[in-house]
Amino acid sequence: MSERPLRGKVAVVTGSGRGIGRAIALELAGRGADICVNFLRKRSAAEATAAEAQARGSRVHLVKANVGELDEIELLIRETVEVLGGVDILVGNAASGVLKPAIEQDLKGWEWTMNINARSVLFAAKAAAPYMIEKGWGRIVTLTSLGSVRVMPEYSVVGVSKAAIEAITRYLAVELAPHGITVNAVSPGVVDTDALKFFPSREVILAEALRRSPVGRLVTPEDVAKVVAFLCSDDAAMICGQTIHVDGGYSVLA
Ligand SMILES: NC(=O)c1ccc[n+]([C@@H]2O[C@H](COP(=O)([O-])OP(=O)(O)OC[C@H]3O[C@@H](n4cnc5c(N)ncnc54)[C@H](OP(=O)(O)O)[C@@H]3O)[C@@H](O)[C@H]2O)c1
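(A) Main features of the packing of helix H3 (residues 70-84) against helix H4 (residues 107-135). Running from N to C, H3 and H4 cross one another at 30°; their axes reach a closest spacing of 9 Å. In terms of orientation, H3 and H4 fall into the roughly parallel class. Pair H3 / H4 crosses with right-handed handedness. Judged by residue contacts, Leu70, Ile73, Glu74, Ile77 and Val81 of H3 engage Ser120, Phe123, Ala124, Ala127, Ala128 and Tyr131 from H4. Split by residue class, the contact of H3 with H4 holds nine nonpolar, one polar and one charged.

This is the structure in structure tokens:
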């Protein structure tokens, strides 16, 4: 197998300046893909990711775009096509959310969370799909979490957005499969990124994830990135509409 099997492919990874998105962008770059690094607020982190991807031999483009806004999603895909020449891989990774119990949520928090997390996936896929269909090859990977099916403290609306992502993933998978495009979701266990700083119980979450992990360690961003990259490979051509858990066995425990 080629050491750089994704050479000639262009990947857009939403929210790839930091955390899991960064690791995904770098893993795909290491496998030869050119990368569009998307960020919203943290430009310096995104610039560092872009520089690292470039050091791995990729052509790189950096786009500031809020994936919660439809016109900015279109800009993200359009700029990628203009600068890097296409979109072959889309990774819907960016996420945000209002952490509160369900009955304390309001419309603003609902729309914020659903638009950034779930609506973005559908409309980024819609914008990118024509370029993939043209080539008869494409990969779309979405990021979800166990909160889509389990109840976690304060996670209410984020969990609902993740359930929507998994459903969108299945619908896109079936519709796009005849075009050589696979669509799958990856569901990481607890990963110690900046996202956890927003949880009041961060230390408890980390300790509990470690204590219950059958594998005996926390999931790293790189663990997740390697599975995303596998789903982007030709070897994963028959994985269609699935949610793959990368959690060291956490989710299968009673
Ligand atoms: N960490 C975990 O334990 C865990 C577990 C399961 C699933 N996940 C999922 O994995 C994915 C990555 O999580 P993470 O922990 O790496 O998150 P993170 O460290 O909080 O990073 C979030 C990323 O999303 C970007 N972002 C946020 N809102 C955006 C918007 N409106 N438009 C564009 N970009 C936006 C941020 O950009 P800026 O840098 O510009 O702010 C940042 O790059 C998410 O989908 C998350 O739900 C995480």
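Still more ground to cover, so stick around.
(B) Seen up close, the pairing of strand E1 (residues 10-13). Neither face of E1 is exposed, since Val10 and Val12 on one face and Ala11 and Val13 on the opposite face are all buried. Pairing of E1 with strand E2 (residues 34-39) involves four bridges; the strand directions are parallel. By the bridge assignment, Val13 is partnered in E2 with Val37. Between E1 and its parallel partner E2, the chain crosses via helix H1 (residues 19-30), and the hand of that crossover is right-handed. Relative to strand E4 (residues 89-92), E1 is paired through three bridges, and the arrangement is parallel. Across the sheet, Ala11 pairs through a bridge with Ile89, a residue of E4.

(C) Molecular detail of the site of the ligand. Near the ligand you find 29 residues, and of these Gly15, Gly19, Ala95, Thr193 and Ala195 are the closest. If you list the elements that add at least two residues to the shell around the ligand, you get H1 and E2. Taken together, the residues that form the shell around the ligand break down as 13 nonpolar, 12 polar and four charged.

Calculation notes
Residues numbered from 1 in each chain as written. Predicted model: local features only at pLDDT ≥ 70, side-chain atom pairs only at ≥ 80, totals over all residues. Axes fitted to C-alpha atoms, helices over the stretch in contact; angles between N-to-C directions. Helix = DSSP H or I, 4+ residues; strand = E, 2+ residues; numbered from the N terminus. Parallel < 35°, antiparallel > 145°, perpendicular 65-115°, else oblique. Left-handed = near helix turned anticlockwise from the far one by under 90°. Contact = placed C-beta atoms within 7 Å. Nonpolar A, V, L, I, M, F, W, Y, C, P; charged D, E, K, R; others polar. Buried ≥ 20, exposed ≤ 12 C-beta atoms within 10 Å, placed from the backbone. Pairing = 2+ DSSP bridges. Right-handed = clockwise from strand over helix to strand, strands pointing away. Near = placed C-beta within 6 Å.

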